[in-house]
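Observations on the model geometry
Below, each chain spelled out in residue letters.
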Amino acid sequence: MDSDKLNGVRVFAPTSRQALIESAFQNRSLLVAVNAEKLLHATDQTRSIINRNVGYPDGLGAVMGLKKKGLRDVVKIPGCELWLDIIRSHYRDKSFYLVGGKESVIGQAVAQLKVEFPGIRILGHRNGYLKGEKDKQALIDDIAAQRPDVVFVAMGSPRQELLMEEMQGRHPAVYQGLGGSFDVYTGQVQRAPSWWVEHHLEWLYRLLQEPTRIKRQIHLVRFLMRVALNRL
C-alpha cells in the first residue's frame, strides 16, 4: 500500500478494505484509525505511535488529505466497520480476543458476535477497566497464552495503542484499536443512518444530534482549509 505524511503523520492509502485486511494479516499489523482531528492535534507522542504502526484513513479529512497528495484511489474505512469486516472475512479460520468497554457491553458484544457469526472462536474477553500494572500484565499474559490471531482493543487513543504495542511485543498478531465501537455494535450508541454515512455527512448528523460538538467540527473546517492550501 502507498502512504504519505499529513502533518507529520504517516497515513496509508488502501484502495479497498480487503486490501487493508490482507496486508494486516500478512504483516501482523497494528491498525490505527486516523481522522482529521487526530491529524490536526497530533503530538510527538501520537505521531510516533501512528508512524510505528499502520494508520489508515478512518475519516473524510484523512482521505481528502491523501488525495491532495496525489493518492487518488484511497478509500475511507471507518474503524467501527473495519473490525466487523475482519471478523466477517475470517471468523471461520481465525481466532479473536476482545478487550474494552463496560462489563455489560463487552458481554453483550461477545454474545451478539456468537449469534451473528456461528462458530466464531473468541478465546477471551474482558472489560476495559484495568486496575493498575498487575491487572494489565495479567491481561497481556493471557493473550500470550491464548495466542489469538486478532485482538480488538476499545479504550480510546492513545491508551489503546500503547497497550496494544505492549501486547504485540509478547504476542505478534493483528491488532486494531476500536474506540467506542463496542458501544455502537451493541446499540448503546446510535450511529448515523446509512444515507448520511454514504453521502459523507455523518459528521453533520452527529452535530445535529449533539450541538455541543460544534467546537470539534470547527477543527474539521480548519483541517480542510489546510488541505485546500497545501499546508499539511
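Described in the following lines is the structure provided in the data block. Keep in mind it's a predicted model, so treat the numbers as computed, not measured.

Cut-offs and rules
- Residues numbered from 1 in each chain as written.
- Predicted model: local features only at pLDDT ≥ 70, side-chain atom pairs only at ≥ 80, totals over all residues.
- Heavy atoms only, no water.
- Core = buried A, V, L, I, M, F, W, Y, C linked by side-chain atoms within 4.5 Å.
- Buried < 20%, exposed > 50% of the residue type's maximum accessible area, 1.4 Å probe, protein only.
- Contact = heavy atoms within 4.5 Å.
- Salt bridge = Lys/Arg side-chain N within 4 Å of Asp/Glu carboxyl O.
- Helix = DSSP H or I, 4+ residues; strand = E, 2+ residues; numbered from the N terminus.
- Axes fitted to C-alpha atoms, helices over the stretch in contact; angles between N-to-C directions.
- Parallel < 35°, antiparallel > 145°, perpendicular 65-115°, else oblique.
- Left-handed = near helix turned anticlockwise from the far one by under 90°.
- Phe/Tyr/Trp six-rings, centres within 6.5 Å; stacked < 30°, edge-to-face > 60°.

1. Side note on the nonpolar core
In this structure, Leu-39, Leu-139, Val-153, Leu-163, Met-167 and Tyr-175 are the most contacted members of the largest nonpolar core, which totals 34 residues. Those residues within four positions of Val-153 in sequence are excluded, and the remaining contacts are Val-99, Gln-160, Leu-163, Met-164, Met-167, Gln-176, Gly-177, Leu-178 and Gly-179. Counting 33 residues, the second-largest nonpolar core is a separate cluster that includes Phe-25, Leu-31, Phe-96 and Ile-106.

2. A few points about the pattern of salt bridges
In total, this model carries ten salt bridges according to the counting rule given. As a salt-bridge pair, Arg-17 and Glu-81 come within 2.4 Å of each other at their nearest N and O atoms. A residue pair is termed long-range when its members are at least 10 positions apart, and Arg-17 in helix α1 (residues 17–27) and Glu-81 in helix α5 (residues 79–90) qualify at 64 residues. A relative accessible area of 26% means that Arg-17 is categorised as partly exposed.

3. With respect to unusual backbone geometry
Among all residues except glycine, the phi angle is most often negative; among peptide bonds, the trans geometry is most common. The linkage connecting Ser-157 with the following residue, Pro-158, adopts the cis geometry, with an omega of 0°. Examined against the element boundaries, Pro-158 turns out to sit in the loop between β7 (150–154) and α8 (159–170). For Asn-7, which is not glycine, the phi dihedral falls at a positive 55°. Its relative accessible area of 15% is what places Asn-7 among the buried residues. With a phi angle near 50°, Arg-28 is a residue other than glycine that sits in the positive phi range.

4. Side note on the environment of Met-155
Along the chain, Met-155 turns up in the loop between β7 and α8. Met-155 gets classed as buried once you look at its relative accessible area, which sits at 16%. Apart from the residues within four sequence positions on either side, Met-155 is in contact with Val-99, Gly-128, Leu-130, Gln-160, Leu-163 and Gly-179.

5. So, the packing of helix α7 (residues 132–146) against α8
Packing of α7 against α8 brings their axes to within 9 Å, and their N-to-C directions diverge by 45°. On the basis of their axis angle, the class for α7 and α8 is oblique. Handedness of the α7/α8 crossing: right-handed. Residues Lys-136, Gln-137, Leu-139, Ile-140, Asp-141, Ile-143 and Ala-144 of α7 touch α8, and the partners they reach there are Leu-163, Glu-166, Met-167 and Arg-170.

6. So, the packing of helix α3 (residues 44–52) against α8
Two numbers describe how α3 lies on α8: the axes approach to 11 Å, and their chain directions differ by 45°. Accordingly, the angle class assigned to the pair α3 and α8 is oblique. Every pair of crossing elements has a handedness; the one defined by α3 and α8 is left-handed. For the pair formed by α3 and α8, the contact residues are Gln-45, Ile-49 and Arg-52 on the first element and Glu-161, Leu-162 and Glu-165 on the second.

7. Regarding the packing of aromatic side chains
Throughout the structure, instances matching the rule amount to five aromatic pairs. Residues Tyr-91 and Phe-117 carry aromatic rings whose centres are separated by 5.2 Å and whose planes lie at 55° to one another, so their mutual orientation is tilted. Taken together, the residues span a long stretch of sequence, with Tyr-91 in the loop between α5 and β5 (95–100) and Phe-117 in the loop between α6 (103–116) and β6 (121–126) at a distance of 26 residues. The residues Tyr-91 and Phe-117 share a single accessibility class, namely buried. Geometrically, the ring pair formed by Phe-96 and Phe-152 is stacked, given 6.2 Å between the ring centres and 10° between the ring planes.

8. Quick look at the side chain of Lys-136
By secondary structure assignment, the location of Lys-136 is in helix α7. Other than its neighbours up to four places away in sequence, Lys-136 contacts Leu-130, Leu-163 and Glu-166.

9. So, the environment of Ala-36
Inspection of the secondary structure assignment puts Ala-36 in helix α2 (residues 36–40). Expressed as a C-alpha distance, the spacing of Ala-36 and Leu-220, which sit 184 residues apart in the sequence, is 6.1 Å. In contact with Ala-36, not counting residues within four places along its chain, are Gly-61, Leu-220 and Phe-223.

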